[in-house]
Amino acid sequence: MFLDLCAFLEKVRQTHGLNEKAKVTREFLNECRNINTHEAIFPILRLILPKLDRERQSYNMKESKIARVLIKM
């Protein structure tokens, strides 16, 4: 799932124009929904929006710090 998210974010980064980015996002979310609604989309949303995940404790780290830690790992 993480690999899929990375591929999606890379595709969004390379896409130009707001309408095209929205189209890519819609396609990605539709693919996630087709796999298995909660099991596919929830982990992705947790990665994209960690501050909105109330089920688990926060890392108390900014995104850039999380990225550095993941790169070191």
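Higher on the page you've got the structure.
Predicted, not measured: the structure shown is a model, and the values here were computed from it.

Reading guide: rules and limits
Residues numbered from 1 in each chain as written. Predicted model: local features only at pLDDT ≥ 70, side-chain atom pairs only at ≥ 80, totals over all residues. Heavy atoms only, no water. Helix = DSSP H or I, 4+ residues; strand = E, 2+ residues; numbered from the N terminus. Buried < 20%, exposed > 50% of the residue type's maximum accessible area, 1.4 Å probe, protein only. Contact = heavy atoms within 4.5 Å. Salt bridge = Lys/Arg side-chain N within 4 Å of Asp/Glu carboxyl O. Phe/Tyr/Trp six-rings, centres within 6.5 Å; stacked < 30°, edge-to-face > 60°. Expected span 1.5 Å × (residues − 1). Arc of directions from axis to C-beta.

> Even after reading the chapter, I still don't get the environment of Phe 8, so can you show me in this structure?
As for its placement among the helices and strands, Phe 8 is situated in helix H1 (residues 2–14). By relative accessible area, Phe 8 is classed as buried at 10%. On a C-alpha basis, the gap between Phe 8 and Val 24 in space is 7.9 Å, while along the polypeptide they are 16 residues apart. If we skip the residues at most four places from it in the chain, Phe 8 touches Val 24, Thr 25 and Phe 28.

> I tried to follow the pattern of salt bridges on my own but got confused; where do I start?
Pairing is possible between side chains that carry opposite charge, provided their charged atoms lie close to one another. In this structure the tally under the stated criterion is 1 salt bridge. The partner of Glu 10 in a salt bridge is Arg 13, with the nearest N and O atoms 2.4 Å apart. You can see Glu 10 and its partner Arg 13 sitting in helix H1, 3 residues apart, about one turn around the helix. Owing to a relative accessible area of 32%, Glu 10 belongs among the partly exposed residues under this scheme.

> What's the story with the packing of aromatic side chains in this structure? I'm lost.
Note on aromatic pairs: each is described by the distance of the centres and the angle between the planes. Scanning the entire structure with this criterion turns up 1 aromatic pair. Relative to Phe 28, the ring of Phe 8 has its centre 4.2 Å away and its plane inclined at 10 degrees; by these criteria the two rings are stacked. Taken together, the residues span a long stretch of sequence, with Phe 8 in helix H1 and Phe 28 in helix H2 (residues 18–35) at a distance of 20 residues. In this structure Phe 28 comes out as buried when scored by relative accessible area, which is 10%.

> Honestly, H1 in this entry has me stumped. Any pointers?
Because the α-helix completes a turn every 3.6 residues, residues three or four places apart line up on one side. Its 13 residues give H1 an end-to-end C-alpha distance of 18 Å, which sits within 8% of 18 Å, the value for a rise of 1.5 Å per residue. Where H1 is concerned, the buried positions are Leu 5, Phe 8 and Val 12. An end-on view of H1 places all buried positions within 65 degrees of arc, on one side of the element. Residues of H1 that are exposed and point more than 90 degrees away from the buried face comprise Leu 3, Arg 13 and Gln 14.

By themselves, these observations are geometric and do not establish any function.
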